[in-house]
Amino acid sequence: MYAEICFPFSLDKTFTYQVPSSMTSNIKVGTLVKVLFKNKTSNGFVVSLSNSTKFHGSINSIISINSQAYIPDELWKTIIWVSNYYITSIGKVTQVALSWIFKKNLRHKREIKSIGLNTDLYSIDYFVNHLDTFNLNQQKIIQSLMIEHPNFIPLIHFKNSIPSIYSVYKSLLKNNFLIEQNLILDNTIKNIKTESINKIKLTNIQHNIYSRINSESSLKPHFIYGVTGSGKTEIYLKLTYDIFQKKKSCLILVPEIVLSSQIFQRFQQYFGNNVLLWHSQASDTYKRDVWEKINSGKPYIVVGARSAIFIPLNNLGLIIVDEEHDPSYKESERQPCYNARDLAIVRAKFSKSLIILGSATPSLETYYNSITHKYFLHQIQERYGKATLPKVQLVNMNNQNNISFNQPILSQEIINEINHTINKDEQVLILHNRRGYSAIKVYNQSDQILKCDACDVILTFHASMNQLVCHNCNHKYSFKSHYSKDNIQYLGYGTEQLEFLLNETFPKYSILRMDADSANSMKKQNKILSAFKTGDYNILLGTQMIAKGLDIKNVTLVVVINADIGMMIPDFRSHEKIFQLINQVIGRSGRSNKKGKAIIQTSHPNSEVLNMATKYESKKFYNLQLESRKSLQYPPFCRLLRIIFQSKSESICEKESTKFFNLLKNKCHDFIIGPLPCPIEKMFNYSRYHIILKIPPQQLKSTITNVHSIMKNKNFSTSSNLKILIDMDSHSVL
């Protein structure tokens with residue numbers, strides 16, 4: 001028997017190995033094996049098996065099968081589907097999807113010293129009756145051990161409360177009051193008091209949706225279309241409980257890492273240590289513990305961001321995609337350019353799992369699939385409990401008097417409302433979707449606006465660093481001393497400048513800022529949100545990361561400083577994104593029995609998009625957008641395939657993109673555009689050209705086959721100085 005093996009790199013080919021007779025009964029497609037590759041032992045996956053081979057050279061045998069790395073059949077089928085649909089080599093897909101398998105340090109278990117009471121010599125009653133004979137630090141240890149008995153407690157757990165823990169424990173050990181042993185450290189286990197799922201009381205509408213989903217035998221996706229704060233999470237929890245009771249695993253996807261920790265804590269309330277967290281910022285040791293638990297064959301509930309779609313859960317029974325509209329689910333910078341929401345539907349099909357999508361502001365694709373009955377549609381048009389939707393006020397900034405040009409603006413309505421809200425001991429959320437201080441214009445012969453040397457992107461001044469920063473490549477430029485106040489002009493304003501203004505305007509109020517600068521790690525994000533939730537701060541200012549999924553009961557006022565940001569971007573999704581952002585951030589207000597309000601500042605008060613967002617006219621917005629998309633042939637009426645060519649030489653970009661276009665045009669002439677320079681012509685010092693294909697549904701399969709053929713075609717040998725990115729279902733044309 002022969003096996004075709006792929007390795008975790010981009011080369012679009014597999015390699016032939018012989019399967020020893022002793023392994024034939026244990027090997028199958030998707031098995032991880034150890035082989036000799038280029039004179040080194042390497043791990044690779046079996047892509048196919050056959051009894052013959054066309055390869056006539058010397059063939060090495062497989063060394064061993066890695067039985068610890070179990071990949072369920074349904075996940076392997078999903079990976080194969082990704083390779084085909086997203087036009088990416090199978091090796092590259094395994095490198096991205098299953099990267100944790102190839103990390104050598106993932107399986108080294110860490111042992112930790114743990115202690116327990118020596119009940120062979122002393123009974124629990126002895127410790128209770130003689131507790132006062134021990135010193136205070138010894139009492140702390142003994143009391144904790146009595147509560148946890150017969151379990152052991154890691155010694156390190158006492159380190160913060162007892163600085164001299166090692167001498168205290170040695171004394172108790174010497175007198176035979178304690179016993180010790182080394183336990184394998186499990187970072188996923190915490191002391192959690194769980195609540196009964198019966199404590200969740202569904203409203204009549206929620207219960208009807210929950211019952212309809214449970215009674216439906218079809219594997220068609222379910223879409224819960226509920227306004228912000230309508231209680232979609234309560235339905236998720238109930239459905240998860242039902243599936244988990246059947247000894248099946250559940251996967252809960254959320255768009256942002258900061259949201260994953262919130263949902264994770266909510267699920268842990270009811271399922272304890274059966275809930276695991278998976279995202280890119282988790283440590284390797286934590287991922288190792290998660291991987292070992294999943295690999296044990298037991299069912300678990302995993303909460304995670306985009307990459308969690310590839311978790312090898314055993315007996316998968318439910319996938320939930322919360323905030324399904326969020327662009328964070330789409331990978332667009334490296335191949336495979338997958339969308340985790342779409343992959344969730346594909347994986348659910350292969351695993352025969354229940355699939356739930358949820359959003360208050362669905363993507364146009366999901367809305368269209370719901371109204372055309374490809375998905376089951378479940379609507380909730382009221383908030384959970386006694387909460388009601390906030391009242392929304394649009395403020396026309398063109399009517400503001402005595403405001404100097406291009407300065408950060410707080411209208412008098414907003415100043416009054418912030419004071420009124422905080423005087424009631426309630427909190428304020430302020431959205432401004434631009435970080436940094438401002439852009440800079442230099443007054444000289446050219447009057448140039450400062451741009452990044454490596455990218456076609458305007459630089460942003462960051463006052464805290466006194467540097468200009470490119471928000472694309474993150475390159476920093478010193479703010480030259482010869483730029484005086486007389487020869488520069490600040491263009492616009494970001495959250496950093498707005499924070500200064502808020503502190504000047506409201507000196508008695510405490511203000512937190514949350515953006516990619518102040519909260520550049522999960523730890524910092526959680527720290528900021530925890531501080532705000534406890535009520536220690538009055539105002540939370542931030543970019544779009546504060547607009548999603550936050551459930552803070554005391555927030556009763558939401559302010560959008562400039563709703564026009566992003567409105568004029570020449571991209572087919574710009575209006576959809578603005579509508580979703582405004583609608584979502586409004587939804588952070590009034591999520592308890594306190595009445596909420598939102599104030600939106602704009603220089604375009606007659607904008608249809610803003611008016612529909614602030615009046616909750618979702619159906620009108622989506623229908624108008626669908627009409628526009630249909631007339632221009634954009635998704636959901638076609639599949640948008642974007643092929644991006646990147647090189648440090650613009651001439652190579654132009655030449656190779658034209659070459660590719662000529663190979664495609666005969667079969668795709670009715671729906672191909674290009675090759676053209678990208679609207680953002682330069683990024684990371686690479687020139688950029690692109691070809692856009694608006695593929696009709698009936699020609700999708702043949703077009704994918706054509707592009708695959710070109711990529712494998714030896715006659716199309718691209719320059720080593722060229723990068724090609726194939727972005728299927730592209731979210732942008734920039």
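Quick note: structure is the one above.
Residues numbered from 1 in each chain as written. Predicted model: local features only at pLDDT ≥ 70, side-chain atom pairs only at ≥ 80, totals over all residues. Heavy atoms only, no water.

*Asks:* In this structure, what is going on with the environment of Gln 525? I would like to understand it.
*Replies:* Mapped onto the elements, Gln 525 comes out in helix α14 (residues 522-533). In this structure the C-alpha to C-alpha distance between Gln 525 and Leu 121, which are 404 residues apart in sequence, comes to 49 Å. Residues in contact with Gln 525, not counting those within four places in the same chain, are Val 258, Met 514, Ala 519 and Met 545. (Helix = DSSP H or I, 4+ residues; strand = E, 2+ residues; numbered from the N terminus. Contact = heavy atoms within 4.5 Å.)

*Asks:* Is there a simple way to explain the pattern of salt bridges in this structure?
*Replies:* Close approach of charged atoms lets side chains of opposite charge pair. All told, the structure shown has 23 salt bridges when counted by the stated rule. When the shortest N-O distance is used, the salt bridge between Glu 180 and Lys 113 registers 3.6 Å. With Glu 180 in strand β8 (residues 178-184) and Lys 113 in strand β6 (residues 111-117), the pair connects residues that are 67 residues apart, well separated along the chain. For Lys 548, the salt bridge goes to Asp 326, with nearest N and O atoms at 3.1 Å. Remark: Asp 326 occurs in the loop between β13 (316-322) and α10 (340-351) and Lys 548 occurs in the loop between β24 (539-542) and β25 (555-560); sequence separation between them is 222 residues. Overlapping salt bridges, with partners in common, bring together Glu 365, Arg 573, Glu 576 and Arg 629 in one network. (Salt bridge = Lys/Arg side-chain N within 4 Å of Asp/Glu carboxyl O.)

*Asks:* It is not clear to me how unusual backbone geometry should be interpreted in this structure. Could you clarify?
*Replies:* Negative phi is the rule for most residues except glycine; trans is the rule for most peptide bonds. The amide bond that connects His 149 to the next residue, Pro 150, takes the cis arrangement and shows omega of 15 degrees. Here the residue pair Gly 674 and Pro 675 is connected by a cis peptide bond, since its omega of -5 degrees sits within 30 degrees of zero. Positionally, Pro 675 belongs in strand β28 (residues 672-683). Its identity as a non-glycine residue notwithstanding, Ile 87 has a phi of 50 degrees, on the positive side.

*Asks:* Got a minute to help me understand the sheet that holds β28 in this structure?
*Replies:* Strand pairing in a sheet relies on backbone hydrogen bonds. The paired strands run either parallel or antiparallel. With antiparallel pairing, four strands are arranged side by side in an open sheet as β28-β29-β27-β30. The sheet terminates laterally at β28 and β30 (722-728), the two strands that pair on one side only. Neighbour-to-neighbour, the strand axes of this sheet turn through a mean angle of 20 degrees, independent of strand direction. Sheet topology places strand β27 (residues 639-647) next to β30; seven bridges connect them, and they run antiparallel. (Pairing = 2+ DSSP bridges. Axes fitted to C-alpha atoms, helices over the stretch in contact; angles between N-to-C directions.)

*Asks:* Can you walk me through the packing of helix α7 (residues 232-245) against helix α8 (residues 257-271) in this structure?
*Replies:* Each pair of packed helices can be described by the angle between their axes along with the distance between the axes. It is the contact of α7 with α8, at a shortest axis distance of 11 Å, that shows an interaxial angle of 45 degrees. Comparing their axes, α8 and α7 come out oblique. Both α7 and α8 take part in a crossing whose hand is right-handed. Between α7 and α8, the residues in contact are Thr 233, Glu 234, Tyr 236, Leu 237, Thr 240, Tyr 241 and Phe 244 and Arg 266, Phe 267, Tyr 270 and Phe 271, respectively. (Parallel < 35°, antiparallel > 145°, perpendicular 65-115°, else oblique. Left-handed = near helix turned anticlockwise from the far one by under 90°.)

*Asks:* What am I meant to see in the layout of surface pockets here?
*Replies:* Gaps left between atoms show up when a probe the size of a water molecule is rolled over them. Roughly 1,000 Å³ of volume is contained in the second largest pocket. Looking at the second largest pocket, it is lined by 41 residues, and the ones nearest its centre are Asp 342, Ile 345, Asn 369, Tyr 375 and Arg 639. Secondary-structure elements contributing two or more residues to the lining of the second largest pocket are α1 (73-85), α10, α11 (364-371), α15 (574-586) and β27. Counting residues per element, the lining of the second largest pocket draws most heavily on α10, at seven residues. Here the lining of the second largest pocket is composed, by residue class, of 20 nonpolar, eight polar and 13 charged. (1 Å grid on protein atoms, 1.4 Å probe; cavity = no way out; pocket = protein on both sides within 12 Å on 5 of 7 lines; lining within 4 Å. Points joined across faces, edges and corners; volume = space filled by probe spheres on them. Nonpolar A, V, L, I, M, F, W, Y, C, P; charged D, E, K, R; others polar.)

*Asks:* Which parts of the structure should I look at to understand the side chain of Thr 240?
*Replies:* Position of Thr 240 among the secondary structure elements: in helix α7. Overall, Thr 240 belongs to the buried group, its relative accessible area being 0%. Leaving out residues up to four positions away in the same chain, Thr 240 has contacts with Cys 250, Ile 252, Phe 267, Phe 271, Ile 301, Leu 318 and Ile 320. (Buried < 20%, exposed > 50% of the residue type's maximum accessible area, 1.4 Å probe, protein only.)

*Asks:* What am I meant to see in helix α5 (residues 165-174) here?
*Replies:* The periodicity of an α-helix, 3.6 residues per turn, causes residues three or four positions apart to be oriented the same way. If you check which residues of α5 are buried, you get Ile 165, Val 168, Tyr 169, Leu 172 and Leu 173. On an axial view of α5, the arc spanned by its buried residues comes to 135 degrees, and they lie on one face. Just past α5, the residue Asn 176 takes up positive phi, approximately 65 degrees. (Arc of directions from axis to C-beta.)

*Asks:* Just checking my understanding: could you explain the nonpolar core for this structure?
*Replies:* Nonpolar side chains in soluble globular proteins tend to be buried together. Ranked by internal contacts, the top residues of the largest apolar core, which has 146 residues, are Leu 540, Ile 643 and Leu 693. Ranked by the residues each element gives to this core, the list is headed by α8, at eight residues. The residues contacting Leu 693, other than those within four sequence positions of it, are Arg 639, Leu 640, Leu 641, Ile 643, Leu 664, Cys 668, Phe 671, Ile 672 and Thr 703. The next biggest cluster of nonpolar side chains, apart from the first, holds 22 residues, and it includes Ile 414, Leu 502, Tyr 509 and Leu 557. (Core = buried A, V, L, I, M, F, W, Y, C linked by side-chain atoms within 4.5 Å.)

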